[in-house]
Amino acid sequence: MAAEFSRRTNGLLDQADSVCQQRGANLTELRRYVLGLILDAASPTGAYELLDRLRQTRRSAAPPTVYRTLDFLLDQGLIHKVQRLSAFVGCMAGCTANPDEVAHTHAAQFLICRGCGRVIEMQNHDVSAVLAQAAKVVGFSVSSATIEAEGFCHTRETAAGGRVPTN
Ligand SMILES: [Zn+2]
Ligand SMILES: [Zn+2]
């Protein structure tokens, strides 16, 4: 299944491949292909969309195939799940991670654009620190936190009839 991914995606796939190899994990052809589809997409990709894409080259692909593949990619920190959208985005930091880390996980914040559907990933340590501090005040220690915020990215200003956020 020759995939036509962008050069940027192919570069990331090669890096993800070597990260996995050095960890003793195997980025199989199928896993690499699914990761490529996610990295190449302009906005987060849902499992069923991935299944549709996969079926173009593998007619026998079934939902468990996709879910198992996504689990692997999540475990390796190569992708994130954006819960609000039930969809997946590639993680640049994960694909280029230090292989010595068994699984690359990090505090992440996602900015979800309601205009164009784009998701911007941030790794702002101040945000994590503020949350941890606020939680501590109420007697809670945060072990991991993924923050998802909805709004509009600045590209909407160039779009016709730019909508005004309602909340
Ligand atoms: Zn990430
Ligand atoms: Zn946008």
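Coordinates for the structure precede this section.
Let me sum up the structure you'll find in this document. (Residues numbered from 1 in each chain as written. Chains lettered and ligands numbered in written order. Predicted model: local features only at pLDDT ≥ 70, side-chain atom pairs only at ≥ 80, totals over all residues. Heavy atoms only, no water.)

With 13 residues, helix α6 (residues 125-137) extends 18 Å between its outermost C-alpha atoms, agreeing within 8% with the 18 Å of an ideal straight helix rising 1.5 Å per residue. Of the residues that open α6, the one with a side-chain oxygen 2.8 Å from the backbone nitrogen of Asp 126 is Asn 124. At the C-terminal side of α6, Gly 139 shows a positive phi close to 75°. (Helix = DSSP H or I, 4+ residues; strand = E, 2+ residues; numbered from the N terminus. Expected span 1.5 Å × (residues − 1). Polar contact = N/O pair within 3.5 Å; in protein donor to acceptor, adjacent residues only side chain to side chain.)

Quick look at the pattern of salt bridges now. Under the criterion given, the structure shown has five salt bridges. In this structure, the salt-bridge partner of Arg 84 is Glu 148, at a minimum N-O distance of 3.9 Å. Separated by 64 residues along the polypeptide, Arg 84 in the loop between β2 (79-82) and β3 (87-90) and Glu 148 in strand β6 (residues 146-151) bring together distant segments of the chain. We note a salt bridge from Glu 150 to Arg 84, for which the minimum N-O separation is 2.8 Å. You can see Glu 150 sitting in strand β6 and its partner Arg 84 sitting in the loop between β2 and β3, a full 66 residues away along the chain. Using a relative accessible area of 45% as the deciding quantity, one classes Glu 150 as partly exposed. If you follow the salt bridges from partner to partner, you end up with Asp 14, Asp 17 and Arg 32 in one network. (Salt bridge = Lys/Arg side-chain N within 4 Å of Asp/Glu carboxyl O. Buried < 20%, exposed > 50% of the residue type's maximum accessible area, 1.4 Å probe, protein only.)

Taken together, the buried positions of helix α3 (residues 47-55) are occupied by Ala 47, Leu 50, Leu 51 and Leu 54. One side of α3 holds all its buried residues, which, seen down the axis, span an arc of 100°. Buried residues in α3 make contact with α2 (29-40), β1 (45-46), α4 (63-75) and β3. (Arc of directions from axis to C-beta. Contact = heavy atoms within 4.5 Å.)

Turning our eyes to something else, we now look at the packing of aromatic side chains. The description of two aromatic rings rests on the distance between their centres and on the angle between their planes. Across all of its chains, the model carries one aromatic pair by this definition. With centroids separated by 5.9 Å and ring planes inclined at 40°, the aromatic side chains of Phe 5 and Tyr 33 adopt a geometry described as tilted. Placement of Phe 5 in the segment before α1 (7-23) and of Tyr 33 in helix α2 is noted, with a sequence separation of 28 residues between them. Of the two residues, Phe 5 and Tyr 33, neither departs from the other in class, the shared state being buried. Looking at Arg 31, its charged tip hangs above the ring of Phe 72, at a distance of 3.7 Å from the centre. (Phe/Tyr/Trp six-rings, centres within 6.5 Å; stacked < 30°, edge-to-face > 60°. Lys NZ or Arg CZ within 6 Å of the ring centre and 35° of its normal.)

Next up on the list: the nonpolar core. Ranked by size, the top nonpolar core spans 27 residues in total, and within it Val 34, Leu 35, Ile 38, Leu 70, Leu 73 and Leu 78 carry the most contacts. Counting residues per element, the ones that place at least two in this core are α1, α2, α3 and α4. It is α2 that provides the largest number of residues to this core, a total of seven residues. Among residues more than four places away in sequence, those in contact with Leu 70 are Val 34, Ile 38, Ala 47, Leu 50, Ile 79 and Phe 88. Membership of the second largest hydrophobic core comes to six residues, among which are Val 82, Val 89, Phe 110 and Ile 112. (Core = buried A, V, L, I, M, F, W, Y, C linked by side-chain atoms within 4.5 Å.)

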